[in-house]
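Notes for the structure review
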Amino acid sequence: MATQIEPLDIVSAADDCANRAAEALAAMQRDDGHWVFELEADATIPAEFILLRHYLGEPRDPVIESKIGRYLRRIQADHGGWPLFNGGAFDVSATVKAYYALKMIGDDVDALHMVRARNAIRAAGGAEAANVFTRIQLALFGAGPWAAVPTLPVELILLPRWFPIHLSKMSYWARTVIVPLLVLGALKPVARNPSGVLVNELFTGKRVAPTSKAQDTKPGWTRFFNGLDVVLKVGEPLWPHRLRARAVAACVAFVTERLNGEDGLGAIYPAMANSVMMFDCLGYAEDHPDRAIARASVERLLVVGDDEAYCQPCVSPVWDTALAAHAMMEAGGDDACARADAALAWLKPLQVLDVKGDWANQRPNVRPGGWAFQYNNAHYPDLDDTAVVVMAMDRAKERSGTAYDEAVSRGVEWTVGLQSRDGGWGAFDADNSHHYLNNIPFADHGALLDPPTSDVSARCVSMLAQLGERDCPRMAAALGFLAEEQAADGSWFGRWGVNYIYGTWSVLCALNAAGIDHASPMVRGGVEWLVRTQNADGGWGEDCESYDLAYTGYTPAPSTASQTGWALLGLMAAGEVDHPAVERGVQYLMATQNAGGLWSQEAYTGGGFPRVFYLRYHGYPAYFPLWAVARYRNLKRSNSARVEVGM
């Protein structure tokens, strides 16, 4: 690490660090004003992309296949398999898919990397131990039995909303993934698979029941739903054909309404790929407009480099652009602020004002007004993006006088309308808390629901408080929710970022914006937890194992630039700009800034679905450290301990 900077020089050094980072971030802005960075998941998405092309029997693309093959081989771990995040433990489902994709590409099953993967899979119980979505993938290729897949009858889509198991009671991502799967499960098509590649060698011949990764399963509910699955399997052949045809038609109607142009169904890879396979098994020609655009949407997720390629789970332009705009406004100066203004001008027309999405099932009288995460996903805007965009617009208005009043007003109106009964906010829906559904066998991934969380709720509180709303019943309810969510050690869970560092940063910012006394026990608990978890090098780090159901407290992990940025922003929001921990954190960021002005980070610090799916946001080490260092400089120069904005 570089030599420590003397305290008298730290503010000027922070100024230099922030200026170089702002210049580097500015150079990455697109000509139309937005930023978008790569969004990387684990091996499953690029593996599924390979399998999709072979499922459809498309002409092989040796260039793309070889590049994805190199990517998959590079990220294979020392344990022989593929983890869910960089440096993570062996995951049988990810490894089965990666192995199958590499074999499909043409890798020799006797090659060392394939032998190591195969041995690791069989030692973990074989392909039989894979999760439900992997079992479906295998069944679609005739490489595994449909009997091992829990039954979700396609007629589910025809049930009334009051029925205990209903699509509207599931999260947006589950909904969009499941609906085309209902058709595939009913028709049970078999992949074209021109090469005839199977993976019989991965099976041990022993039955393994799906293991749930949900946090709140109950033995009674589990037994009930397992019994129901047995009944459904016996009765499935007896369903009336006319009813089944009506259900399939309803699924197709659901999908086509939400195809979302070349941004795809739900704008997420699993739903997009499933929609393509659904159209294919229903006999849609390759040039049919619906099938063609669904297939094109998948291709747009590819990241192709000189030597490697992979497929993203989705893209994050609204999130990246809004956060980068905040960082640039914090950096200050004419150029940085002009770039933030260009970013907000790009964001403004992406506000969804004319589509009542699925969220309206629960809140039919609320007008639309949110922003989605992706370029276009009108049926599924989210509260987190909306709050961050609104706060950036409000902040810019105060500085530049630009008129964002109508956009801000509609964003606030929509956000307020989606507050849940417990005072918190989920990401996409209100009151999506039907926890008994986590017990159904199909939900072994534990990500079927979208209940209120500390991080999203904190962002909404920050937005409302920044706009001047404090003493009112809905704010009291929201602050009560955050108080209930605080862990005994003082931290808050981070649903969409890894993990307690992310959650604690988010809530401390909200409490500051809401005017909560920095000396309050709730604030002090968060501050003390952050100070206690700082690494010896001055940074902060936490890995995805913190989502383990057996979590008993913070476990040290190597420092990362983005998590250090979160911790610093949280501490400064709590009035701790002069705390020694803050100075050490700023020193860490200045010492690890690279020659290009930014920071390197291989760690996965984004939360897709706890215990199942994690994300590496390539933009996080670009804007969060800049934001933190610039804020430190600004507060030290102003001799103020109070942050005046919600983030």
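Just above sits the structure.
Residues numbered from 1 in each chain as written. Predicted model: local features only at pLDDT ≥ 70, side-chain atom pairs only at ≥ 80, totals over all residues. Heavy atoms only, no water.

1. So, the overall build of the protein
Threshold: Counting from the N terminus, the helices are the DSSP runs of H or I reaching at least four residues and the strands are the DSSP runs of E reaching at least two. The buried label applies to any residue whose accessible area, calculated with a 1.4 Å probe on protein chains only, is under 20% of its type's maximum; exposed applies above 50%, and partly exposed to all values in between. In what follows, residue pairs with any heavy atoms lying within 4.5 Å of each other are defined as contacts. Values of accessible area rely on a 1.4 Å probe in the Shrake-Rupley scheme; residue burial ignores everything except the protein chains shown. Neither His nor the chain termini are counted; the positive set is Lys and Arg, and the negative set is Asp and Glu. Here the site of a charge means NZ on Lys, CZ on Arg, CG on Asp, or CD on Glu.
Across its full length, the protein carries 22 helices and 5 strands. C-alpha atoms of the protein, sized along the principal axes, occupy 75 × 55 × 50 Å. Relative to its 647 residues, the protein shows a buried fraction of 62%. Of all intrachain contacts in the protein linking residues separated by at least 6 positions in sequence, the fraction that spans at least 24 positions is 75%. Per element, the accessible surface of the protein, about 23,700 Å² overall, is 54% carbon and sulfur. Averaging the positions of the 56 positive and the 74 negative side-chain charges in the protein gives two centres separated by 6 Å.

2. Here we look at the packing of helix α1 (residues 10–26) against helix α12 (residues 317–331)
To keep it simple, the criterion reads: Only the stretch in contact is used when a helix axis is fitted, and all axes are lines through C-alpha atoms; the angle between N-to-C directions ranges over 0 to 180 degrees. Working rule for angles: under 35 degrees goes down as roughly parallel, over 145 as roughly antiparallel, 65 to 115 as roughly perpendicular, anything else as oblique. Crossing handedness is read from the near helix: turned anticlockwise from the far helix by less than a right angle, it gives a left-handed crossing, and turned clockwise, a right-handed one.
Across the interface, α1 lies against α12 with an axial gap of 10 Å and an inter-helix angle of 140 degrees. Viewed along their axes, α1 and α12 adopt a mutual orientation that is oblique. Like other packed secondary-structure pairs, α1 and α12 cross with a definite hand, here left-handed. Facing A22, L25 and A26 of α1, the residues of α12 in contact are A324, A327, M328 and A331.

3. Here we look at the side chain of D455
Here is the rule: When a carboxyl oxygen of Asp or Glu lies within 4 Å of a side-chain nitrogen of Lys or Arg, that pair is called a salt bridge. For this analysis, a polar contact is any N or O atom pair within 3.5 Å, provided that within protein one partner can donate a hydrogen and the other can accept it, and provided that sequence-adjacent residues contribute only side-chain to side-chain pairs.
Within the secondary structure, D455 sits in helix α16 (residues 454–466). Notably, D455 is buried but unbridged: the nearest opposite-charge side chain belongs to R459, and the N-O separation is 5.2 Å. A distance of 3.1 Å separates a polar atom in the side chain of D455 from the backbone nitrogen of R495.

4. Some details on the pattern of salt bridges
Inspection of every chain in the model, using the stated rule, returns 34 salt bridges. A salt bridge links E299 to R53; the shortest N-O distance between them is 3.8 Å. Placement of the pair is E299 in helix α11 (residues 289–299) and R53 in helix α2 (residues 44–56), with a sequence separation of 246 residues. Exposure remark for E299: the relative accessible area of 32% places this residue in the partly exposed category. Its relative accessible area of 14% is what places R53 among the buried residues. Two residues, K636 and D578, come together in a salt bridge whose shortest N-O distance is 2.8 Å. You can see K636 sitting in helix α22 (residues 620–638) and its partner D578 sitting in the loop between α20 (561–573) and α21 (580–592), a full 58 residues away along the chain.

5. Examining unusual backbone geometry
Note: most residues except glycine have negative phi, and most peptide bonds are trans. Of note in the backbone geometry, A267 takes a positive phi value of approximately 55 degrees without being a glycine. Mapped onto the fold, A267 is located in the loop between α9 (241–257) and α10 (269–281). Backbone geometry places R611, a non-glycine residue, at a positive phi of 75 degrees. Inspection of the secondary structure puts R611 in the loop between β4 (606–609) and β5 (613–617). The class of R611 is buried, set by a relative accessible area of 14%.

6. Re the sheet that holds β4
Operational definition: Being paired, for any two strands, means DSSP has found at least two bridges between them.
Here 3 strands make up an open sheet; going across it, the order is β1-β5-β4 and the pairing antiparallel. Strand pairing shows two members of the sheet lacking a second neighbour, β1 (39–40) and β4, which therefore form its edges. Note that β4 and β5 share 3 bridges and pair antiparallel. By the bridge assignment, G606 is partnered in β5 with L615.

7. Topic: the nonpolar core
Rule in force here: Take the buried residues of types Ala, Val, Leu, Ile, Met, Phe, Trp, Tyr and Cys, join any two whose side-chain atoms come within 4.5 Å, and each joined set is a nonpolar core.
L25, Y623 and L626 are the most contacted members of the largest nonpolar core, which totals 225 residues. Excluding residues that lie within four positions of it along the chain, L25 makes contacts with W35, F37, A324, A327, M328, L598, A622, Y623 and L626.

8. As for the packing of α20 against α22
Keep this limit in mind: As a working rule, the residues Ala, Val, Leu, Ile, Met, Phe, Trp, Tyr, Cys and Pro are called nonpolar, Asp, Glu, Lys and Arg charged, and the rest polar, with Gly in that last group.
Where α20 meets α22, the closest approach of the two axes is 8 Å, and the angle between their N-to-C directions is 30 degrees. With respect to α22, the axis of α20 lies roughly parallel. For the pair α20 and α22, the crossing hand works out as left-handed. In this structure, α20 uses A561, S562, G565, W566, L568, L569 and M572 to contact α22, whose residues at the interface are Y620, P621, F624, P625, W627, A628, R631, Y632 and L635. Partitioned by chemical class, the residues of the contact of α20 with α22 number 13 nonpolar, 2 polar and 1 charged.

9. Section: the packing of aromatic side chains
The following threshold applies: Planes of paired rings set the category: under 30 degrees apart is stacked, over 60 is edge-to-face and the rest tilted, where pairs are Phe, Tyr or Trp rings (Trp by its six-membered ring) whose centres lie within 6.5 Å. The criterion is that NZ of a Lys, or CZ of an Arg, lies within 6 Å of the ring centre and within 35 degrees of the ring normal, and then a charge sits over that ring.
Applying the stated criterion to the full structure yields 34 aromatic pairs. Ring centres of Y172 and F428 lie 4.4 Å apart, and the angle between their planes is 55 degrees; this geometry places the pair in the tilted category. Residue Y172 is located in helix α7 (residues 172–187), and its partner F428 is located in the loop between α15 (405–417) and α16; the two are separated by 256 residues in the primary sequence. A relative accessible area of 3% places Y172 in the buried class. In this structure F428 comes out as buried when scored by relative accessible area, which is 11%. Relative to Y500, the ring of F493 has its centre 5.8 Å away and its plane inclined at 75 degrees; by these criteria the two rings are edge-to-face. Taken together, the aromatic side chains of F37, F373, Y502, W505, W566, Y617, Y620, Y623, F624 and W627 make up a single cluster linked through ring pairs. The side chain of R258 reaches across the aromatic face of F254, ending 3.8 Å from its centre.

10. Topic: helix α18 (residues 500–513)
Defined as follows: In this analysis, the expected span of each helix is defined as 1.5 Å times one less than the number of residues it contains.
Taking 1.5 Å of rise per residue, 14 residues should cover 20 Å, and α18 covers 20 Å from first to last C-alpha, within 8% of that figure. With its phi angle positive at about 80 degrees, G515 sits one or two positions after the end of α18.

11. Let's talk about the pairing of β5
On any regular strand, side chains alternate: one points to one face of the sheet, the next to the other face. Of all 5 residues that make up β5, 5 are buried, and the element is covered over most of its length. Side chains F613, L615 and Y617 project from β5 onto one buried face, and the interleaved Y614 and R616 project onto a second face that is buried too. Pairing between β1 and β5: 2 bridges, direction antiparallel. Opposite L39, over in β5, you have Y617 as the bridge partner.

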